[in-house]
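What the coordinates show
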Amino acid sequence: MSHYATPMMEVPDMIVESGGRTLDLCFQCGTCSGTCPWNLVRDFRVRDILTRAQLGLEGYEGEDLWMCATCNACVDRCPQGVEIVDLVRTIRMLIAETGAAPKTLRAVLGSVQSNGNPWSGDRNARMAWVKDQPVRTFDGTHEYAYFTCCTQAYDPRNAKVVRAAVRVLDAGGVSYGFVGGSEACCGDAVRKTGAETNFQNLAAHNVGLLNGLGVKHLLVPSPHCLNTFRKEYPELGGKWQVTHVVELLADLVMSGRLALKNAVPLKTIYHDPCYLGRNNGIYDAPRDVLRAVPGLELMEFGHTREEAVCCGGGGGRLWMETPVEERFAVLKLREAQARGADAVVTACPYCISMFEDAKTALGLDQLQVLDVVEVVAAAL
Amino acid sequence: MSNAFEPRIVVLCCNWCTYAGADLAGTSRMKYAPNVRLVRVMCSGRIDPAFVLRAFQDGADGVLIAGCHPGDCHYINGNLKTMRRYPALETMVQQFGIEPHRLRLEWISAAEGDRFVEVVNEMTEQVRALGPLAWKQRSAVADLSGSPHAG
Amino acid sequence: MEPRIGVFVCHCGTNIAGVVDVNRVVEAAARWPDVVHAVEYKFMCSDPGQGLVKDAIVKHDLSRVVVAACSPRMHEPTFRKACAMAGLNPYLFEMANIREHCSWVHEDKEAATLKAIDIVRAAVAKARLLEPLQTRFVPVTQKVLVVGGGVAGIQAALDIANAGTKVVMVERAQSIGGHMAQLDKTFPTLDCSACILTPKMVQVAQHPNIELMTYSEVESVDGFVGNFTVKIRRKARYVDEAVCTACGVCIEKCPKKVPSEFDEGMMPRKAIYRSFPQAVPGRPVIDKESCTYFKNGKCKICEIFCEPKAIRWDDQDQVVEEKVGAILVATGMGLIDPHGLSQWGYGRYPNVLTGLEFERLNNATGPTGGRIVLKDGSTPKSVAILHCIGSRDRNHKEYCSRVCCMYALKFAHLIKEKTHATVYNFYIDMRCFGKGYEEFYNRLLHEGVKFVRGKAAFVTDQAANDDEKGKLVVSAESTTLGEVLRVPVDMVILASAVAPQKDAEAVARQFGMGLSPDGFFMEKHPKLEPFSTATDGVFLAGACQSPKDIPDTVAHGAAAASTALSLISRGTVEVESATAEVLTDFCSGCKVCQDVCPYGAISFHEDTKLAEVNASVCKGCGTCVATCPSGAIVGRHFNDRQILAQIDAAFLWE
Ligand SMILES: Cc1cc2nc3c(=O)[nH]c(=O)nc-3n(C[C@H](O)[C@H](O)[C@H](O)COP(=O)(O)OP(=O)(O)OC[C@H]3O[C@@H](n4cnc5c(N)ncnc54)[C@H](O)[C@@H]3O)c2cc1C
Ligand code: SF4
Ligand code: SF4
Ligand code: SF4
Ligand code: SF4
Ligand code: FES
């Protein structure tokens with residue numbers, strides 16, 4: 001058999017037609033591959049996917065396509081303005097249409113379809129996390145409507161975070177109410193896996209629901225909700241102001257409306273969630289809040305802020321298996337430990353899940369994984 | 001051609017910046033709505049309010065006045081005069097019942113071919129949305145825009 | 001008498017005819033009143049095209065000519081000249097722009113053709129009302145101002161001065177020489193930069209036709225082509241140039257040290273200083289901001305040691321006025337602020353240098369006397385040179401800086417020669433296009449320099465293994481291999497982008513130039529007139545127009561000089577004929593026009609209570625025309641009737 005490869009222009013044409021307009025801008029400098037955190041643990045070169053896709057050469061549609069954690073590190077650095085993550089999403093979409101998406105994903109998307117959440121949670125049990133804690137439901141008079149992330153609603157570990165949020169927001173005198181259980185997943189990660197139809201269904205449901213409730217200002221605990229509500233929902237009819245909980249906390253703490261009295265004597269190290277930091281430029285708010293906590297010490301990872309290494313949970317990776325030694329979260333916990341931290345603090349339900357899993361895998365019982373909200377609750 | 005409404009927009013612009021910006025849009029082969037006709041004067045300072053009224057009176061659905069950015073006028077500060085004259089012109093045009101979006105003032109430099117394209121496209125769509133200008137008082141102001149002297 | 005109008009529609013090859021149906025335009029034009037002749041032709045601006053116009057003027061007794069082709073900013077002068085040659089007053093010509101404003105910007109052929117017809121109709125409407133104007137000439141001042149004393153300005157100044165024309169050269173820094181003076185060797189021949197530049201610098205200083213003003217800046221520019229008046233601020237030097245012998249004792253004795261701009265801040269200079277040892281002029285200046293005496297009234301050590309007694313504490317800035325016929329701007333380039341390049345370690349790791357810092361490091365007069373060493377004084381065993389840092393990058397500068405590939409090769413050679421270190425080049429594309437450049441690249445391959453085809457993604461000091469400990473690690477994908485590399489090195493040199501000079505905008509404004517989208521000064525035509533600007537009589541030379549290497553800079557400087565000289569030796573220039581005129585019958589004596597004229601061209605006669613426009617000062621902007629409440633001012637060639645006729649004809653209204 002000959003070794004010549006022949007371009008198939010149908011491939012790039014289809015990608016461009018499906019919205020991947022920046023595909024042809026790539027001039028193969030390799031900055032993206034060189035920037036990608038996957039190099040820390042294995043071979044994965046997104047440039048290879050792009051170059052193959054540009055020419056319609058086999059290989060762009062292989063297993064590697066599902067590796068990208070959509071951390072956006074490469075997009076920030078690409079000299080040509082190539083929307084790499086969006087291209088990965090578009091190609092995934094085209095491949096998913098042929099039914100070639102990974103098996104684990106298919107199960108998750110099935111749950112999204114039937115339950116409105118990726119966790120196979122009962123649609124009617126979305127508010128079960130409340131337990132016996134009194135909470136308010138959004139009634140149109142509140143300033144903010146709090147949109148619970150699926151991961152907070154159904155994952156017991158993350159449910160603790162939302163319960164802490166209730167205490168903190170109440171202490172700060174915030175006027176808010178919970179959307180109340182009929183919301184569906186925001187769809188950010190769903191869309192990034194290429195499941196466009198699923199995403200559109202979720203979005204249509206949420207837009208109808210929230211507009212019907214008269215929501216003006218959404219308060220979200222997840223940077224993924226933040227990103228999709230801010231950037232993707234407006235053109236689908238969801239034009240609300242969107243605030244992440246840490247932004248509001250920073251506001252409350254800095255303006256003195258929320259007093260942090262209790263000392264929290266922890267050596268913390270802050271992990272920038274990709275969708276909060278790189279994607280939305282929120283770097284200072286969480287750090288300002290942590291620095292205001294009495295007795296708390298704040299450390300930084302070797303690569304932080306714009307250069308922070310992803311937890312590995314974005315773009316659907318949360319739902320896919322990654323060998324322990326290839327998990328970014330594992331590397332980060334090791335680094336945190338080496339730097340002498342007592343707790344890794346972050347502000348994203350996915351990051352919390354990824355870190356908790358890594359912690360279990362490594363058996364690091366002493367190292368805590370906390371959300372900024374939980375730290376603040378402890379300082380009240 | 002279809003009978004759909006195509007806005008007619010007169011652009012009064014200076015030679016040095018906006019006209020040159022439109023030239024650059026051309027040399028760069030940018031594409032824009034074919035709904036504008038440019039009338040070139042040497043400086044935006046030359047643009048007499050009467051020209052604007054005359055364009056509306058003739059049947060224009062929109063008028064764009066454009067020149068160099070403040071500080072960049074080829075004649076030092078002709079455009080500052082334009083800027084100063086503009087609010088009164090705007091008020092007058094509105095008093096005639098012409099919607100605000102039909103008259104626009106923009107600074108577009110010789111390097112801003114893309115800006116020219118953007119403004120033309122945007123204004124074309126805005127005026128398209130407003131529909132044809134049914135200006136009741138067309139004849140009533142005829143004398144206003146007439147030239148007082150022979151030359 | 002009714003005007004007899006001729007209309008000529010150009011195909012411009014397929015540029016116009018490919019989109020606009022030129023035959024329909026001609027057919028339409030032929031039906032309009034007063035149009036007695038309408039034809040189309042492939043290339044109107046060609047000789048036969050112009051001949052068509054000339055012949056028709058005679059044969060059809062045309063009294064107006066309309067050419068529908070490209071922008072009047074391009075070819076109006078061409079056709080005006082053609083008209084004049086056929087005996088028609090050039091101001092009876094009008095141009096319709098159906099290329100830049102029509103065929104090039106529309107795809108819908110029907111809409112474009114209809115628009116083209118409208119454009120030509122409006123031009124005909126104006127042409128009908130055109131009036132002949134007298135062309136006027138004024139003499140050209142026989143002197144040229146050269147702004148900026150880099151190699152571009154130096155070349156231009158010498159060429160002009162050698163032709164016998166006076167030159168005033170204004171340089172902002174203490175010495176002329178520009179960036180080239182900072183370089184050690186120059187690619188691809190590896191001549192020592194100072195050895196080839198300093199003789200030229202000295203020639204400038206000694207040339208009888210050149211008046212050199214360093215430590216000076218242009219303050220204002222007035223006037224127009226052939227007749228500019230420039231004010232130049234000569235900053236106080238506090239050293240009497242007529243008395244100082246340039247012995248340099250003061251410099252040696254001055255106790256006050258500040259970072260040297262010339263040495264990229266890598267070594268100090270004194271408060272009394274010359275930029276570098278071979279500076280021209282060699283006489284130092286006192287930098288008032290840093291001088292101890294000026295700060296707290298004590299010191300004056302330089303004065304004590306100065307034998308000829310040249311120090312002048314009471315020296316003042318002086319503003320001198322010069323009259324020149326042409327201005328040549330050669331203010332050069334800047335460099336990108338490397339602090340925005342933190343992923344490549346600049347400002348974070350001391351052994352990450354910019355290109356210019358390396359030039360100084362490698363230079364015998366630089367901070368280490370030309371030894372290539374790390375910050376701790378040791379010799380690097382490995383060096384990485386990262387190409388395209390800040391160039392070809394939408395996050396920074398989109399353009400190619402045009403010199404980095406070549407200076408990277410030069411650095412690689414010099415490092416090899418001096419240290420035997422392993423040298424890696426990380427590149428996207430090797431751009432070695434000049435004479436002897438590809439050969440130089442080849443030479444470097446022979447010398448064993450390593451090339452990795454992939455842009456460096458980042459530089460870190462965080463070691464992943466023992467080999468990386470204490471090193472700078474460069475990460476890049478070798479895109480040819482499909483392998484992401486981590487390369488530990490001792491030193492990293494960033495081929496950081498060339499940028500427009502920091503105050504490009506202010507300088508452009510001062511000389512009436514525009515800026516291209518990349519921020520460099522805009523030339524009149526990118527191919528045919530890269531050394532002229534939109535302002536007649538103002539020329540461009542060197543890296544201020546776009547990044548250039550020395551050969552291109554010198555060629556550009558010489559070209560700009562010859563263009564300026566052709567203006568100077570022509571002796572006269574045409575001045576604006578389309579000026580304003582007050583119709584005294586209508587003037588109410590309100591004086592409003594006087595206030596709005598940017599040039600003070602309007603005088604008011606108290607005796608007659610009438611305003612008058614001074615035609616030799618008026619530039620024809622027309623602001624007074626639009627302002628006069630009595631409608632008493634006519635703007636020639638753009639009068640109300642002409643403009644209104646054009647508006648009336650802009651569309652087929654009903
Ligand atoms: C690191 C590096 C290495 C290089 N190596 C090479 C090489 O080996 N070979 C080669 O061919 N090219 C090389 N180049 C390119 C070379 O430096 C340029 O081609 C050359 O300097 C351009 O000359 P210029 O006169 O146009 O501008 P500049 O050298 O920038 O000179 C401009 C002058 O104008 C003055 N000035 C600025 N503004 C004003 C003002 N408003 N009023 C008065 N004066 C003003 C400045 O002080 C300066 O003296 C290198 C460039 C870099 C950055
Ligand atoms: S960084 Fe951008 S241009 Fe470079 S290879 Fe990646 S996608 Fe292509
Ligand atoms: S988004 Fe992150 S994980 Fe995906 S290719 Fe880019 S750098 Fe790698
Ligand atoms: S007065 Fe002193 S500090 Fe100032 S230049 Fe002279 S020696 Fe230097
Ligand atoms: S046309 Fe312009 S320059 Fe001439 S007199 Fe009037 S305002 Fe002054
Ligand atoms: S020349 Fe453009 S506004 Fe005056």
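Everything here concerns the structure above.
Keep in mind that this is a model prediction, so the values were computed, not measured.

What follows deals with the overall build of chain B. Along chain B, the regular secondary structure elements total 4 helices and 4 strands. Written out in order from the N terminus, the α and β elements of chain B read β-α-β-α-β-α-β-α. A total accessible area of about 5,700 Å² is found for chain B, and carbon and sulfur atoms account for 55% of it.

Turning our attention to the overall build of chain A. Tallying secondary structure elements over chain A gives 16 helices and 8 strands in all. Against the compact-globule benchmark of 21 Å for 380 residues, chain A has a radius of gyration of 21 Å, which places it among compact chains. If one aligns the C-alpha atoms of chain A with their principal axes, the spans along those axes are about 75 × 50 × 35 Å. Considering chain A as a whole, with its 380 residues, one finds that 61% of them fall into the buried category. As displayed, chain A has an accessible area near 14,700 Å², and 50% of this comes from carbon and sulfur atoms. Charged side chains of chain A number 37 positive and 44 negative; the gap between the two group centres comes to 3 Å.

Negative charge collects at one region of the surface, where Glu10(A), Asp13(A), Glu17(A) and Asp24(A) lie side by side. Mapped onto the elements, Glu17(A) comes out in helix α1 (residues 10–17).

The subject of this paragraph is the site of ligand 4. Residues and elements named next belong to chain C. Near ligand 4 lie 13 residues; those nearest to it are Cys254, Cys291, Thr292, Cys299 and Cys302. Counting residues per element, the ones that place at least two in the shell around ligand 4 are α9 (292–296) and α10 (301–305). Residue composition of the shell around ligand 4, grouped by class: 10 nonpolar, 1 polar and 2 charged.

Opposite charge on two side chains permits pairing when their charged atoms draw close. Per the counting criterion, the structure on display carries 71 salt bridges over all chains. Residues Glu76(C) and Arg40(B) are paired through a salt bridge, measuring 3.4 Å at the closest nitrogen-oxygen approach. Note that Glu76(C) is positioned in helix α3 (residues 72–85) and Arg40(B) in strand β2 (residues 36–41), a pairing that runs across two chains. A single burial state applies to Glu76(C) and to Arg40(B), both of which are buried. We note a salt bridge from Arg54(B) to Asp648(C), for which the minimum N-O separation is 2.7 Å. Of this pair, Arg54(B) sits in helix α2 (residues 49–58) while Asp648(C) sits in helix α18 (residues 640–648), which puts the two residues in different chains.

Turning to the side chain of Asp272(A), a few remarks are in order. Residue and element names in this part refer to chain A. Mapped onto the elements of the fold, Asp272 is located in the loop between β5 (267–270) and α13 (284–291). At 2.8 Å, the side chain of Asp272 forms a polar contact with the backbone nitrogen of Arg305. Discounting residues that sit within four places of it in the chain, Asp272 has contacts with Tyr283, Arg287, Thr304, Arg305 and Ala308.

Glancing now at the interface of chain A and chain C. Where interface size is quoted, it is often the accessible area lost as the parts come together. Contacts between the two partners involve 22 residues from chain A, matched on the other side by 21 residues from chain C. Joining chain A to chain C, the criterion identifies 3 salt bridges. Residue Arg47(A) is joined to Glu477(C) by a salt bridge in which the shortest nitrogen-to-oxygen separation is 2.6 Å. The interface formed by chain A and chain C includes 13 residue pairs in polar contact (both at pLDDT 80 or more). Contributing elements (two or more residues each) for the side of chain A that touches chain C: α2 (31–35) and α4 (73–77) of chain A. Among the elements that take part in the side of chain A that touches chain C, α2(A) stands out by supplying 4 residues, more than any other. Partitioning the side of chain A that touches chain C into residue classes produces 5 nonpolar, 11 polar and 6 charged.

All names here are of chain C. A cis amide bond links Phe187 to the next residue, Pro188, at an omega of -10°. Within the fold, Pro188 resides in the loop between β8 (185–186) and β9 (191–192). Cis geometry marks the peptide bond from Val280 to Pro281, where omega comes out at 0°. Among the secondary structure elements, Pro281 is positioned in the loop between β15 (272–273) and β16 (285–286). A positive phi angle is found at Ala246, which is not glycine, with a value near 60°. Here Ala246 shows up in the loop between β12 (227–234) and α8 (249–253). We classify Ala246 as partly exposed; its relative accessible area is 26%. Look at Cys388: it is not a glycine, yet its phi comes out positive at around 55°.

Its place among the elements puts Thr82(B) in helix α3 (residues 78–95). The class for Thr82(B) is buried, based on a relative accessible area of 5%.

Right, let's get into the pairing of strand β24 (residues 456–460) of chain C. Residues and elements named next belong to chain C. Counting buried positions along β24 gives 5 out of 5 residues, so the element sits mostly inside the fold. With 4 bridges connecting them, β24 and strand β25 (residues 472–478) associate as antiparallel partners. Residue pairing for β25: Thr460 is matched across the bridge by Val473.

The rules we used
- Residues numbered from 1 in each chain as written.
- Chains lettered and ligands numbered in written order.
- Predicted model: local features only at pLDDT ≥ 70, side-chain atom pairs only at ≥ 80, totals over all residues.
- Heavy atoms only, no water.
- Helix = DSSP H or I, 4+ residues; strand = E, 2+ residues; numbered from the N terminus.
- Areas by Shrake-Rupley, 256 points an atom, 1.4 Å probe, with all protein chains shown as cover.
- Rg over C-alpha atoms; globule rule 2.2 N^0.38 Å.
- Buried < 20%, exposed > 50% of the residue type's maximum accessible area, 1.4 Å probe, protein only.
- Lys, Arg positive; Asp, Glu negative; His and termini not counted.
- Charge placed at Lys NZ, Arg CZ, Asp CG, Glu CD.
- Patch = residues over 30% accessible without salt bridge, like charges linked within 9 Å, V, L, I, M, F, W, Y side chains within 5 Å.
- Salt bridge = Lys/Arg side-chain N within 4 Å of Asp/Glu carboxyl O.
- Near = heavy atom within 4 Å.
- Nonpolar A, V, L, I, M, F, W, Y, C, P; charged D, E, K, R; others polar.
- Polar contact = N/O pair within 3.5 Å; in protein donor to acceptor, adjacent residues only side chain to side chain.
- Contact = heavy atoms within 4.5 Å.
- Pairing = 2+ DSSP bridges.

Everything listed is a geometric property; what it means functionally is a separate question.
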